[in-house]
Amino acid sequence: MARFVFAGGGSSGHTLPSLRVADAVRAEGHEVIFIGPGNSIEQKLCEHFDIPFHAVTTGKFNRDRKITALTAGFKTFRGVWEARALLRRLRP
C-alpha cells in the first residue's frame, strides 16, 4: 500500500479534480492525505469526503498594500517549512 499526498489551496477549482483522483487512488487500497491552508474550502471538502487533511500556513499577496505583501512573504516561507516537515514525517 502506497501513501499519496495531494496539495493545494485558494479555491476549489483544482481541489475537486484532485479529490476525484484521490478517491480513485483510495479505491485501489492506497492511503490518501491532503495538505492545504487551514480553515479553507479544501479542508471542508476533505472532511466531507473523509480524507485526512493537514493545514499549513499560507500567505495571500495583496498588491495594493506593501506591508501585507511583506507579511505574506514570511507566511509563505513558514508554510514551505511546515510542508517540508510534514512530507518528511508522512513519507509519501
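So, here is what we can say about the structure in this document. This is a predicted model, so every value here is computed, not measured.

Analysis parameters
Residues numbered from 1 in each chain as written. Predicted model: local features only at pLDDT ≥ 70, side-chain atom pairs only at ≥ 80, totals over all residues. Heavy atoms only, no water. Salt bridge = Lys/Arg side-chain N within 4 Å of Asp/Glu carboxyl O. Helix = DSSP H or I, 4+ residues; strand = E, 2+ residues; numbered from the N terminus. Buried < 20%, exposed > 50% of the residue type's maximum accessible area, 1.4 Å probe, protein only. Contact = heavy atoms within 4.5 Å. Expected span 1.5 Å × (residues − 1).

### Quick notes on the pattern of salt bridges
Summed over all chains, the structure comprises 4 salt bridges. Linking Asp-23 and Arg-26 is a salt bridge whose minimum nitrogen-to-oxygen distance equals 3.9 Å. Of this pair, Asp-23 and Arg-26 are both found in helix H1 (residues 15–27), 3 residues apart, which corresponds to roughly one turn of the helix. Residue Asp-23 is classed as partly exposed on the basis of its relative accessible area of 34%. Under the relative-accessibility criterion, Arg-26 is labelled partly exposed at 30%. Between Glu-82 and Arg-78 there is a salt bridge, with its nearest N and O atoms 3.1 Å apart. You can see Glu-82 and its partner Arg-78 sitting in helix H3 (residues 66–90), 4 residues apart, about one turn around the helix. Judged by relative accessible area, which is 23%, Glu-82 ranks as partly exposed. Among the charged side chains, a network of salt bridges with common partners joins Arg-20, Asp-23 and Arg-26.

### Looking at unusual backbone geometry
In the Ramachandran plot, Asn-39 falls in the positive-phi region, its phi being about 55 degrees despite a non-glycine side chain. Tracing the chain through its elements places Asn-39 in the loop between strand S2 (31–37) and helix H2 (41–48). The class of Asn-39 is exposed, set by a relative accessible area of 67%. A positive phi is found at Asp-50, a non-glycine position, where the angle reads about 60 degrees. Residue class for Asp-50 comes out exposed when judged on its relative accessible area of 61%.

### Focus on the side chain of Ser-18
Counting through the fold element by element, Ser-18 comes out in helix H1. Ignoring any residue separated from it by four or fewer positions in sequence, one finds Ser-18 in contact with Phe-6 and Phe-34.

### Topic: H3
Along its 25 residues, H3 runs 36 Å from first to last C-alpha, staying within 8% of the 36 Å computed at 1.5 Å per residue. Burial in H3 covers these residues: Ala-72, Gly-79, Leu-86 and Leu-90. Where H3 is buried, its residues touch strand S1 (3–7), S2 and strand S3 (53–56). Two residues or fewer past H3, Arg-91 is found with a positive phi of approximately 50 degrees.

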